Amino acid sequence: MTDVPQRPQIRPGPGSLRERTRQAMRAEVSGIATRLFAEQGCTNTTVEQIAAEAGLSRTTFFRYFGTKEDVVLIWIEELGPELAEALAARPGTESPWQALRRTFDILLELNGATLEQAMEFERMLEANPTMRARRREKQHRWEELLRPLIAARLPQDGPAEQDPRPRALAASAVECWNAALDTWRVCGGAVPREVLLDRAMDAVGQ
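In this numbering scheme, every chain counts its residues from 1 along its sequence in written order. Only residues with pLDDT of 70 or above have their local features reported here, since the model is predicted, and side-chain atom pairs are shown and tallied only from 80 upward, although totals for entire chains, interfaces and linings are computed over all residues. Hydrogens and water molecules were not included; the side-chain quantities draw on all heavy atoms of the structure.

S.K.: Can you break down the side chain of Asp70 residue by residue, with the values?
M.R.: Under the scheme used here, helices are H or I runs from DSSP no shorter than 4 residues and strands are E runs no shorter than 2 residues, and both carry numbers assigned from the N terminus. Structurally, Asp70 can be placed in helix α4 (residues 70-88). Look at Asp70 and you get buried, because its relative accessible area is 5%. Polar contact is the term for a pair of N or O atoms within 3.5 Å; when the atoms are in protein, one must be able to donate a hydrogen and the other to accept it, and sequence-neighboring residues count only if both atoms are side-chain atoms. Separated by 2.6 Å, the side chains of Asp70 and Arg134 make a polar contact. We call two residues in contact whenever any of their non-hydrogen atoms come within 4.5 Å of each other. When neighbours within four sequence positions are excluded, Asp70 is seen to be in contact with Phe65, Arg134 and Lys138. The rule is simple: take the accessible area with a 1.4 Å probe, protein chains only, and divide by the maximum for that residue type; under 20% is buried, over 50% is exposed, in between is partly exposed.

S.K.: Please provide a residue-by-residue account of the packing of aromatic side chains, values included.
M.R.: Pairing of aromatic rings covers Phe, Tyr and Trp, the last counted by its six-membered ring, and requires centre-to-centre distances within 6.5 Å; plane angles under 30 degrees mean stacked, over 60 mean edge-to-face, and any other angle means tilted. Taken as a whole and judged by the stated rule, the model has four aromatic pairs. Ring pairs connect the aromatic residues Phe61, Phe62, Tyr64 and Phe65, which therefore count as one cluster. A ring has a charge above it when a Lys NZ or an Arg CZ is no more than 6 Å from the ring centre and no more than 35 degrees off the ring normal. Positioned above the aromatic ring of Trp184, the side-chain terminus of Arg193 is 5.3 Å from the ring centre.

S.K.: Can you explain the packing of helix α5 (residues 96-103) against helix α10 (residues 193-205)? Please cite residues and give values.
M.R.: Every axis corresponds to a line fitted to the C-alpha atoms, with the helix fit spanning only the stretch in contact, and the corresponding angles, defined between N-to-C directions, vary from 0 to 180 degrees. In contact at an axis separation of 11 Å, α5 and α10 are set at 165° when each is read in the N-to-C sense. On the basis of their axis angle, the class for α5 and α10 is roughly antiparallel. Crossing handedness for the pair α5 and α10: right-handed. Residues Trp97, Leu100 and Arg101 of α5 form the contact with α10, whose participating residues are Glu194, Leu197, Asp198, Met201, Val204 and Gly205. Partitioned by chemical class, the residues of the contact of α5 with α10 number five nonpolar, one polar and three charged. Should an angle fall under 35 degrees it is called roughly parallel, over 145 degrees roughly antiparallel, and 65 to 115 degrees roughly perpendicular, with every other angle called oblique. Should the near helix be turned anticlockwise from the far one by less than a right angle, the crossing is termed left-handed; should it be turned clockwise, right-handed. Gly is placed with the polar residues, together with every amino acid not listed as nonpolar (Ala, Val, Leu, Ile, Met, Phe, Trp, Tyr, Cys and Pro) or charged (Asp, Glu, Lys and Arg).

S.K.: How would you summarise the confidence of the model for the protein if you had to cite specific residues and measurements?
M.R.: As a general rule, the predicted coordinates of low-pLDDT regions are not to be interpreted in detail. Per-residue pLDDT for the protein has a mean of 87; in total, 91% of the residues score no lower than 70. Averaged pLDDT values over the elements of the protein bottom out at 82 in helix α1 (residues 17-40) and peak at 97 in α5. Confidence of the predictor in every single residue is expressed as pLDDT, which spans 0 to 100. Taken together, the stretch residues 1-7 has pLDDT below 50 and engages in 27 contacts with residues farther than four places along the chain or on a different chain.

S.K.: Give a detailed account of the environment of Phe121, specifying residues and quantitative values.
M.R.: Here Phe121 lies in helix α7 (residues 115-126). Accessibility expressed as a relative area gives 1% for Phe121, which makes it buried. In this structure the C-alpha to C-alpha distance between Phe121 and Ala152, which are 31 residues apart in sequence, comes to 35 Å.

S.K.: Residue-level account of the packing of α7 against helix α8 (residues 129-151), with values.
M.R.: As a packed pair, α7 and α8 sit with axes 6 Å apart at the nearest point and diverge in direction by 105°. What the angle tells us is that α7 and α8 run roughly perpendicular. Residues Glu122, Met124, Leu125 and Glu126 of α7 form the contact with α8, whose participating residues are Met131, Arg132 and Arg135. A per-class count over the contact of α7 with α8 returns three nonpolar, no polar and four charged.

S.K.: Got a sec to walk through α4? Specific residues and values, please.
M.R.: The periodicity of an α-helix, 3.6 residues per turn, causes residues three or four positions apart to be oriented the same way. Counted at 1.5 Å a residue, the expected span for α4 with its 19 residues is 27 Å, and the 27 Å between its end C-alpha atoms agrees. Two axes enter the bend calculation: one fitted to the seven residues ending at the residue in question, the other to the seven starting there, and the bend is the angle between them. Residue Leu79 marks the point of greatest curvature in α4, where the axis turns by about 30°; the proline Pro81 follows within four residues. Helix span, as expected, comes to 1.5 Å for every residue beyond the first.

S.K.: Give me the nonpolar core: which residues, what numbers.
M.R.: We call a set of buried Ala, Val, Leu, Ile, Met, Phe, Trp, Tyr and Cys residues a nonpolar core when their side-chain atoms join them within 4.5 Å. By size, the foremost hydrophobic cluster in this structure holds 54 residues, and its most contacted members are Val71, Val72 and Phe104. The greatest single-element share of this core, amounting to ten residues, is contributed by α4. Aside from chain neighbours lying at most four places away, what touches Phe104 is Leu83, Leu146, Ala173, Val174, Trp177 and Leu197.

S.K.: Report on the state of the cysteines, specifying residues and quantitative values.
M.R.: In this description, a disulfide is simply a cysteine sulfur pair whose atoms lie within 2.5 Å. Tallying each qualifying case throughout the model produces zero disulfides. Cys176 provides the cysteine sulfur closest to Cys187, a residue in no disulfide bond, and the two sulfurs are 16 Å apart.

S.K.: Explain α10 to me, using residue names and the numbers behind them.
M.R.: Under the 1.5 Å per step criterion, the end-to-end length of α10 is 18 Å for 13 residues, consistent within 8% with the ideal 18 Å. Residues Arg193, Leu196, Leu197, Ala200 and Met201 constitute the buried set of α10. Take α10 and look down its axis: the buried residues cluster within an arc of 125°, on one side only. For α10, exposure combined with an orientation more than 90 degrees from the buried face picks out Arg199, Ala203 and Gly205. In this structure, the buried side of α10 is in contact with α5, α6 (105-109), α7 and α9 (165-186). Of all possible arcs, the one meant is that of the directions from the helix axis to the C-beta atoms.

Set out below in structure tokens:
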């Protein structure tokens, strides 16, 4: 029997008790939705089913999530601030590209101990075009958060609005991650994700 995919686990962020309770509820509902999507497919799973298993009304469900797909992908959005914090903490002696590569170690740590389930999760996402598109939309938020931090590492010779480099570097790094992850899925995990990410980023960096 195929393992049920698991959403990558990220560290709960700081905040008030109310916010931590909200995060815990979202994580619980996300786990339920991931299991249902794996068992019967995203298209055949309804918001009502997810809400019923979580003990929520439809109205309450939409207080936590914007769409049915978001219930599984919300963790991607939540990773943005963590990536930005990690990039800000990288040594100033590193080039922007080197700092981005080390920042992405956070992504490699996700489900590092449960790679088979992580693989099933990737296959589940790949099988649904809507979820693939929603994932990319959420990753765009990563780029927005990383751009000013990248800009701070670059020599400035003109107005910021005339400098395409931060956007180009952020977008390229995210696409390298996606290329590595997609290759990892296609090759069935024969090559570790970190090796594939290094190959992708080294190729662009050259």
